[in-house]
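Residues per chain are reported as follows:
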Amino acid sequence: AQSVAQPEDQVNVAEGNPLTVKCTYSVSGNPYLFWYVQYPNRGLQFLLKYITGDNLVKGSYGFEAEFNKSQTSFHLKKPSALVSDSALYFCAVRDIQPGTYKYIFGTGTRLKVLA
Amino acid sequence: DAMVIQNPRYQVTQFGKPVTLSCSQTLNHNVMYWYQQKSSQAPKLLFHYYDKDFNNEADTPDNFQSRRPNTSFCFLDIRSPGLGDAAMYLCATSSGSQGTQYFGPGTRLLVL
């Protein structure tokens, strides 16, 4: 069965420092991986995805993620954090069972960027 | 801009009083989803449609129903809301296959 894990409930980082939000996955076959951000009382916003191609994926708001097949990871990164990046981040994987169109979400990581 | 729209953004209902949440999309996506999300937890899939094909999750209570009258619209009906149904309800769409899932802003349901 497909799954994703976000091992950290919360990540704190100082403004201007690099940030990493971790995600590991377990899928059979090639994974389709996604990162979403959620601000309070809002829906999830798409940040970036990995389907195939370059392992380093660039997305919205200066975020990027590195697909690492050997470590089955897809960590979200940003070189310099902003206070406005403080939000809830979800990693997701597309369920690849034939005939299904579902996405499996991690438990979420709350990012706090401190001024 | 193409988007997913949810109305209303906030809904207050009484215990046991039926309520309907609506979702529309201008993306022309085949797949529409309803999720329930409680207090910063991961969204929990209730059901999804591929075109008119309805797919219910095994653990979705019978109290929750859905309708998709056409490609653009999808409704979530809660027949007899209980206090435990207070949550954020998220609608999403995707084009299927490798498509990205796009979410609406959500409807926050309060049950009194």
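See the structure printed just above.
Residues numbered from 1 in each chain as written. Chains lettered and ligands numbered in written order. Predicted model: local features only at pLDDT ≥ 70, side-chain atom pairs only at ≥ 80, totals over all residues. Heavy atoms only, no water.

Chemist: Sorry if this is basic, but what is going on with the environment of Pro31(A) here?
Modeler: Looking at where Pro31(A) falls in the secondary structure, it is placed in the loop between strand S4 (24-26) and strand S5 (33-38). Leaving out residues up to four positions away in the same chain, Pro31(A) has contacts with Tyr25(A), Tyr50(A), Ile51(A), Phe67(A) and Val93(A). (Helix = DSSP H or I, 4+ residues; strand = E, 2+ residues; numbered from the N terminus. Contact = heavy atoms within 4.5 Å.)

Chemist: What should I look at first to understand the interface of chain B and chain A in this one?
Modeler: Frequently, the measure chosen for interface size is the accessible area that the parts lose on association. On the side of chain A, 21 residues touch chain B, which itself brings 27 residues to the contact. Taken together, the two surfaces of chain B and chain A that pack against each other cover about 2,000 Å², and 52% of this comes from carbon and sulfur. Glu57(B) serves as the salt-bridge partner of Lys102(A), at 3.2 Å between the closest nitrogen and oxygen. For the interface between chain B and chain A, the tally reads nine residue pairs in polar contact (both at pLDDT 80 or more). Broken down by secondary-structure element, the contributors of at least two residues to the side of chain B that touches chain A are strand S4 (31-37), strand S5 (44-50) and strand S9 (87-94) of chain B. Ranked by residue count, the leading element in the side of chain B that touches chain A is S4(B), at four residues. Of the residues that constitute the side of chain B that touches chain A, the class distribution is 12 nonpolar, 12 polar and three charged. (Buried area = accessible area lost by both parts, 1.4 Å probe. Salt bridge = Lys/Arg side-chain N within 4 Å of Asp/Glu carboxyl O. Polar contact = N/O pair within 3.5 Å; in protein donor to acceptor, adjacent residues only side chain to side chain. Nonpolar A, V, L, I, M, F, W, Y, C, P; charged D, E, K, R; others polar.)

Chemist: Just checking my understanding: could you explain the sheet that holds strand S7 (residues 64-67) of chain B for this structure?
Modeler: The pairing of strands in a sheet comes from backbone hydrogen bonds and takes either a parallel or an antiparallel form. All names here are of chain B. Reading across the sheet, the four strands line up as S1-S3-S8-S7 and stay open at both edges, with antiparallel pairing between neighbours. At either margin of the open sheet sits one strand with a lone partner, and together these are strand S1 (4-7) and S7. Taking the axes of each pair of neighbouring strands and ignoring which way they run, one obtains an average angle of 20° across the sheet. Relative to strand S3 (residues 19-25), S1 is paired through four bridges, and the arrangement is antiparallel. Considered in S3, the bridge of Val4 is made with Gln25. (Pairing = 2+ DSSP bridges. Axes fitted to C-alpha atoms, helices over the stretch in contact; angles between N-to-C directions.)

Chemist: Even after reading the chapter, I still don't get the state of the cysteines, so can you show me in this structure?
Modeler: Note on terminology: disulfide describes a covalent bond linking the sulfur atoms of two cysteines. All names here are of chain B. The final tally for this structure, using the stated rule, is two disulfides over all chains. The residue that forms a disulfide with Cys23 is Cys91, at a sulfur-sulfur distance of 1.9 Å. When the S-S torsion is -70°, as for the bridge of Cys23 with Cys91, the disulfide is left-handed. Within this pair, whereas Cys23 is found in strand S3, its partner Cys91 is found in strand S9, the two being separated by 68 residues in sequence. Since its relative accessible area comes to 0%, Cys91 is described here as buried. (Disulfide = S-S within 2.5 Å. Buried < 20%, exposed > 50% of the residue type's maximum accessible area, 1.4 Å probe, protein only.)

Chemist: So what exactly am I meant to see when it comes to the pairing of S4(B) here?
Modeler: When a strand is regular, its side chains alternate between the sheet's two faces. All names here are of chain B. Of all the seven residues making up S4, seven are buried; the element is thus mostly covered by neighbouring parts of the structure. Taking every second residue as pointing to the same face, both faces of S4 are buried, with Val31, Tyr33, Tyr35 and Gln37 on one and Met32, Trp34 and Gln36 on the other. Direction of pairing for S4 relative to S5: antiparallel, over a ladder of six bridges. Each bridged residue has a counterpart across the sheet, and for Tyr33 the counterpart in S5 is His48. Where S4 folds back on S5, the antiparallel hairpin that results is connected by six residues, among which Ser39 adopts a positive phi of roughly 25°. As paired strands, S4 and S9 are joined by seven bridges and run antiparallel to one another. Bridge pairing in S9 places Val31 opposite Ser94.

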